[in-house]
Amino acid sequence: MTQNPATENPNAEPAVDETAPQSPEEIIQANFARIEAERDDLKDKLLRTLADMENLRRRTEREIGDAKAYAVTSFARDMLGSADNLRRALESLPESARAAEEPALKALTEGVELTERDLLKTLERHGVRKIDPQGEKFDPNLHQAMFEAPDAEIAKGLVSKVVQAGYKIGERVLRPALVGVSAGAPKPQATNGEDASSGGH
């Protein structure tokens, strides 16, 4: 009696025939898994695209808003010199001349004041606001300190004098206000008599 030469290991796994036909349930499950994977991938791409589009829309809106708000920046900066000159013209007029109320001088003064007000209103319509920080706390973002001096009437760190008004356009500083800052009340100095009396003890 001859033995079968193809003796198989009883512990070995049975060979899988990959060409064996799959059952309809297996085919449906495989297709369903593939379709779900494609769906998830497309959903992820769609969400990323929507997020990118929303970011682009917001950025574009912000850039358009900035362009509208700050388009006149260069022109406004050039106009500040005219506003300064009108203010200087009014401040150069002595109080005695104002009190005299000479008709021609009064008319000229009123005309310059009206022109200054009209110019400032026009600048405001385009988003440019005047910074006049007299008595306010010194803010290096809005003000440029020209000097610091003792002032008994104004607390330390507050603006004691506005040398030149500043301007903002929107939320940006167009030109900082040039200011003097109070160093607080001057320190009392000892008199000569007190020095002499203290020196004698």
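Above this note sits the structure.
Residues numbered from 1 in each chain as written. Predicted model: local features only at pLDDT ≥ 70, side-chain atom pairs only at ≥ 80, totals over all residues. Heavy atoms only, no water.

A. Representation of the side chain of serine 160 within the structure. On the secondary structure map, serine 160 appears in strand S3 (residues 159-164). Excluding residues within four positions of it along the chain, serine 160 makes contact with Gln134, Asp151, Ile154, Gly180, Val181 and Ser182. (Helix = DSSP H or I, 4+ residues; strand = E, 2+ residues; numbered from the N terminus. Contact = heavy atoms within 4.5 Å.)

B. Inspection of the packing of aromatic side chains at higher detail. Going through the model one piece at a time under the given rule, you end up with 0 aromatic pairs. In this arrangement the basic side chain of arginine 172 is found over the ring face of tyrosine 70, its NZ or CZ atom lying 3.7 Å from the centre. (Phe/Tyr/Trp six-rings, centres within 6.5 Å; stacked < 30°, edge-to-face > 60°. Lys NZ or Arg CZ within 6 Å of the ring centre and 35° of its normal.)

C. Highlighting the pattern of salt bridges. By the definition in use, this model includes 9 salt bridges. Note that arginine 57 is salt-bridged to glutamate 54, the shortest N-O span being 2.4 Å. A residue pair is termed a helical-turn pair when its members lie 3 or 4 positions apart in one helix, as arginine 57 and glutamate 54 do in helix H1 (residues 24-70) at 3 residues. Its relative accessible area of 27% is what places glutamate 54 among the partly exposed residues. Through salt bridges with shared partners, a single network forms among Glu54, Arg57, Arg58 and Glu61. (Salt bridge = Lys/Arg side-chain N within 4 Å of Asp/Glu carboxyl O. Buried < 20%, exposed > 50% of the residue type's maximum accessible area, 1.4 Å probe, protein only.)

D. Expanded view of the side chain of arginine 175. Checked against the element boundaries, arginine 175 lands in strand S5 (residues 172-175). Within polar-contact distance, the side chain of arginine 175 engages the side chain of aspartate 84 at 2.6 Å. Here the side chain of arginine 175 touches alanine 165 through a polar contact of 2.6 Å, landing on its backbone oxygen. If we skip the residues at most four places from it in the chain, arginine 175 touches Leu80, Asp84, Ile131, Gln164, Ala165, Gly166 and Tyr167. (Polar contact = N/O pair within 3.5 Å; in protein donor to acceptor, adjacent residues only side chain to side chain.)

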